[in-house]
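# Working through the structure, step by step
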Amino acid sequence: MNIPLERVDKNRWRIPQNYMNGMNVPGMVYADDVLIEQIRNDNSLKQVANVATLPGVVGHSLAMPDIHWGYGFPVGGVAATDMEQGVVSPGGIGFDINCGVRLIATELVRDQVKGQVDKLADELFRTLPSGVGGSGMRKLDQHEIREVMVQGAAWAVAQGYGLEEDLEATEENGCLAGANPDAVSKQAVQRGMVQLGSLGSGNHFCEVQVVDHIYDSEAAKVLGIGQVNQVVITIHCGSRGFGHQIAEDYIKLAQQKQQDWGFELVDRQLACLPLQSREGKDYLSAMACGANFAWANRQLLMHGVRQAFASVFGRRARPKEMPLVYDVCHNIAKIEEYVVDGEKKRVCVHRKGATRAFPPHHPAIPEKYRAVGQPVLIPGDMGRYSFVLAGAEGSMEQSFGSCCHGAGRQKSRTAAKKAITSKDLMAQLSARGVTVRVHSKGLLSEEAPQAYKDAQNVVNVVHDAGLAKLVARLKPIIVVKG
DNA sequence: ATGTAC
């Protein structure tokens, strides 16, 4: 599939609106010369064009430099739809509702952890339940899961999983408004009741990392990650089977109703619901339940991390000395206001594999970070590095307050599995000084560094394009995975 | 991502 790309500047490529019948806006792809060649290799650019055909889409159908093929929408896609005329498309949020990333700081440095790496890895692996379909740290009854759906991370804190101040360091304070448990199916509830506080599988992980390079020492200091060799922890996880079931339920519903609403979609996977319809509002209410479950989930997992550190390092790693730096979601739809074609507009911003990146002084940013901008947490791959950035002004002008979310897959899961055996991968990681504890070795190869683009290229693009600013680079020393 | 298919 050859998609015509017009180069806009060093880091931007336009898919013209006349490329395909039915496009309501042009596409815009963020990539440099290296990344654009990798991106051309799958069908994700066609998906960028497909998204541009959605009813009520405004501005551009955007693709971040970590874009790759996904269900309907590309992963790494951003699209905003008009609140009055537009739709919400569950495939534009993703199956893992509020998949996201949480970064925890410590007062430890690399040398203090060196001799305890195996013990710490064992302790983390024991404390954080993982694996496909695995059950979580806390079983919920019918009443409790309703509270989780409405309260999010605050429920977890009230139950003793963490500190009050964790909430202000969480996007939306760990609770998306408008959640309605009655919009969630019994089946989703059944799946969710046993999975709170679990890591799952796939690309989800808990990593112990060290600050490896600092790009902006002032910003890094404000975020509490200002010391080279400082030990930090990243958790990447979402809403598990609960959010997955919500997505599946509403995609099925949307597909059944497309004809009634008069939609003729270029791809069945773009199934969508008018924002002003009963069904569209129900999806947003259910999505908020999924988002809140995910925030509670990451809150429990962070509690597990603090417990594991305390058991290994005692008073040198008490919860107060392990503050949450920030928690971002990268699979979500948010109602926000932007200037579109010179006019202020309320839109539904779909971020699927895309991180919010609000600039300095935005009221949604915790006060302590106001001058720096919203922390943007970008996991790379398990062998190389991850990044911390801060949102910048360009995101508000260009990308509906959004930037990339990770390295972006370069090889399919099947291709990755063929490229390297888990044994060879374990040896490679060990040689790089990375200690791994994994639930299923068979799945490890699918997540090999070789399966991903170089995250450094990805973050350089969003930095150069003015969407977010580089703050720090993190290197993994322990990886715990499903 | 996911009780990796109903």
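Note that the structure is a prediction, hence the values are computed from the model and not measured.

This part covers the UniProt feature "binding site: Mn(2+) 1" (unreviewed entry) in chain A. What UniProt calls "binding site: Mn(2+) 1" (unreviewed entry) maps, in this numbering, to Asp96 and His204. Of the residues just listed, which span 109 residues, no C-alpha pair is farther apart than 10.9 Å, and they cluster in one region. If you take the residues mentioned a moment ago, the ones lining the largest pocket come down to Asp96 and His204. Examined against the element boundaries, Asp96 turns out to sit in the loop between strand 6 (87–88) and strand 7 (100–109). In this structure Asp96 comes out as buried when scored by relative accessible area, which is 15%. Setting aside its immediate chain neighbours within four residues, Asp96 contacts His204, Gly238, Ser239, Arg240 and Asn331. Relative to the assigned elements, His204 resides in the loop between helix 8 (186–193) and strand 8 (205–214). For His204, a relative accessible area of 8% puts it in the buried group. Not counting the four nearest positions on each side in its chain, His204 is found in contact with Asp96, Cys99, Leu199, His236, Cys237, Gly238, Lys481 and Gly482.

What follows concerns the protein's contact with DNA strand B. In the vicinity of DNA strand B there are 15 residues, among which Val132, Arg191, Asn203, Arg240 and Arg413 approach most closely. Within 4 Å of the protein, the contacting atoms of DNA strand B are 56% sugar and phosphate, with bases supplying the remainder. In this structure, a base oxygen belonging to DNA strand B sits 2.9 Å away from a side-chain N or O atom of Gln187. Ser201 has a polar backbone atom sitting 2.9 Å from a phosphate oxygen of DNA strand B. For the surface near DNA strand B, the secondary structure elements donating two or more residues are helix 8 and helix 10 (240–257). Per-element tally for the surface near DNA strand B: the top contributor is helix 10, with 4 residues.

Approximately 1,300 Å³ is the volume found for the largest pocket. Sorting the residues of the lining of the largest pocket by element identifies strand 8 and helix 10 as the ones contributing at least two each. By residue number, the principal contributor to the lining of the largest pocket is helix 10, which donates 3 residues. Residues of the lining of the largest pocket, tallied by class, amount to 13 nonpolar, 22 polar and 11 charged. Considered as a void within the structure, the second largest pocket measures approximately 230 Å³ in volume. Along the walls of the second largest pocket sit 13 residues, with Leu176, Ala177, Gly178, Leu284 and Ile335 positioned nearest its centre. Secondary-structure elements contributing two or more residues to the lining of the second largest pocket are helix 11 (278–313) and strand 12 (331–340). Here the lining of the second largest pocket takes 5 residues from helix 11, the largest share from any one element. For the lining of the second largest pocket, the class distribution of residues is 8 nonpolar, 2 polar and 3 charged.

Side chains Gly27 and Val29 project from strand 3 (residues 27–30) onto one buried face, and the interleaved Met28 and Tyr30 project onto a second face that is buried too. One ladder, built from 4 bridges, connects strand 2 (residues 12–15) with strand 3; its direction is antiparallel. Bridged to Ile15 within strand 3 is Gly27. Where strand 3 lies against strand 4 (residues 57–68), 3 bridges are found, and the strand directions are parallel. Looking at strand 4, one finds that Met28 is bridged to Leu62.

This next bit is on the nonpolar core. Counting residues in each nonpolar core, the largest one holds 84 residues, and the members touching the most others are Val29, Ile225, Leu389 and Phe400. Residue contributions to this core peak at 6 residues, all from strand 4. In this structure Ile225 touches Leu103, Ala105, Val211, Ile214, Ala220, Gln230, Val232, Val325, Val388 and Ala472, once residues within four positions along its chain are discounted. Leu140, Ala156, Phe242 and Ala271 belong to the second-largest nonpolar core, a separate cluster that totals 44 residues.

Glancing now at helix 11. Between the first and last C-alpha of helix 11 there are 52 Å, a value that for 36 residues agrees with the 52 Å anticipated at 1.5 Å per step. Taking burial as the measure, the 36 residues of helix 11 include 31 buried ones, the bulk of the element.

What counts, and where the lines are drawn
- Residues numbered from 1 in each chain as written.
- Chains lettered and ligands numbered in written order.
- Predicted model: local features only at pLDDT ≥ 70, side-chain atom pairs only at ≥ 80, totals over all residues.
- Heavy atoms only, no water.
- UniProt positions renumbered as here; feature names shortened; annotations may be inferred.
- 1 Å grid on protein atoms, 1.4 Å probe; cavity = no way out; pocket = protein on both sides within 12 Å on 5 of 7 lines; lining within 4 Å.
- Helix = DSSP H or I, 4+ residues; strand = E, 2+ residues; numbered from the N terminus.
- Buried < 20%, exposed > 50% of the residue type's maximum accessible area, 1.4 Å probe, protein only.
- Contact = heavy atoms within 4.5 Å.
- Near = heavy atom within 4 Å.
- Polar contact = N/O pair within 3.5 Å; in protein donor to acceptor, adjacent residues only side chain to side chain.
- Points joined across faces, edges and corners; volume = space filled by probe spheres on them.
- Nonpolar A, V, L, I, M, F, W, Y, C, P; charged D, E, K, R; others polar.
- Pairing = 2+ DSSP bridges.
- Core = buried A, V, L, I, M, F, W, Y, C linked by side-chain atoms within 4.5 Å.
- Expected span 1.5 Å × (residues − 1).

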